[in-house]
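Fold and geometry: a report
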Amino acid sequence: MGMELTGKVMKISDLIDYQDGSVVSREIIRKETGTVTLFAFDRGQGLSEHTAPFDAMVQVIDGEAEVTISGEKHRLVAGEMIIMPAEKPHAVMAVKPFKMLLTMIRS
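Figured I'd write up the structure that's included with this text. Nothing here was measured: the structure is a model prediction, and the numbers come from that model. (Residues numbered from 1 in each chain as written. Predicted model: local features only at pLDDT ≥ 70, side-chain atom pairs only at ≥ 80, totals over all residues. Heavy atoms only, no water.)

Section: the sheet that holds strand β9 (residues 98–105)
Cut-off, in case you're wondering: Note: two strands are recorded as paired if DSSP finds a minimum of 2 bridges between them. Runs of H or I in DSSP of at least four residues are treated as helices and runs of E of at least two as strands, each being numbered from the N terminus. The convention used is that axes are lines fitted to C-alpha atoms, helices contributing only their stretch in contact, and that angles between N-to-C directions extend from 0 to 180 degrees.
As summarised here, the arrangement of the 5 strands in space is β1-β2-β9-β4-β7, forming an open sheet in which the pairing is antiparallel. Two strands bound the open sheet, and with one partner strand each, they are β1 (23–31) and β7 (81–84). Neighbour-to-neighbour, the strand axes of the sheet open up by a mean angle of 20°, direction not taken into account. As paired elements, β1 and strand β2 (residues 34–41) share 8 bridges and run antiparallel to each other. Among the inter-strand pairings, Ser25 is bridged to a residue of β2, identified as Phe39.

Structure follows, in structure tokens:
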């Protein structure tokens, strides 16, 4: 669970590849207190609306995404981030192929 990555300098976007018509994920850290997961979305792919019991932070590292939180749409590009609050419905859609780092903190 990410142990092979410990103590090494890496380029985030190189840790995951795009796949045609798919959403790919790779868990980087998994602890009781939270997780850090990389995702790669092909254009038009996404995560349908859902809620989570804890806050989550999306950092876009490549491409362009639309993140909807409680019905409000937000466009994000590489280098931008947004926090999705606990218990608020949210969804993610790839406007262009994009990669994101998702950090979830449990409390």
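Quick word on the side chain of His90
Put simply, the rule is: Three exposure classes are used, based on accessible area relative to the maximum for each residue type with a 1.4 Å probe and protein chains only: buried under 20%, partly exposed in between, and exposed over 50%. What makes two residues a contact is simply this: any of their non-hydrogen atoms within 4.5 Å.
Tracing the sequence through the fold places His90 in strand β8 (residues 90–94). Taking relative accessible area as the criterion, His90 reaches 3% and is therefore assigned buried. Setting aside residues no more than four positions away along its own chain, His90 makes contact with Ser48, Glu49, His50, Thr51, Ala52, Thr68, Ile69 and Met84.

A closer look at the environment of Thr68
Here Thr68 lies in strand β5 (residues 64–69). C-alpha of Thr68 to C-alpha of His90: the two residues are 22 residues apart in sequence and 5.3 Å apart in space. Every residue in contact with Thr68, bar those within four places of it in the chain, is listed here: Lys73, Pro89, His90 and Ala91.

Digging into the environment of Lys88
Within the secondary structure, Lys88 is located in the loop between β7 and β8. Using a relative accessible area of 40% as the deciding quantity, one classes Lys88 as partly exposed. For the pair Lys88 and Ile28, spaced 60 residues apart in sequence, the C-alpha to C-alpha distance is 25 Å.

Overview of the environment of Asp17
Mapping Asp17 onto the fold places it in the segment before β1. Residues Asp17 and Gly63 lie 46 residues apart in sequence; the distance between their C-alpha atoms is 13 Å. What Asp17 contacts, discounting residues up to four positions off in sequence, is Val24, Ala40 and Lys99.

What to know about unusual backbone geometry
A positive phi angle, close to 50°, is found at Ser70, a residue other than glycine. The residue Ser70 is located in the loop between β5 and β6 (72–77) in this model. Of note, the phi angle at Glu87 is positive, near 70°, even though the residue is not glycine. You can see Glu87 is positioned in the loop between β7 and β8. Overall, the relative accessible area of 53% leaves Glu87 in the exposed class.

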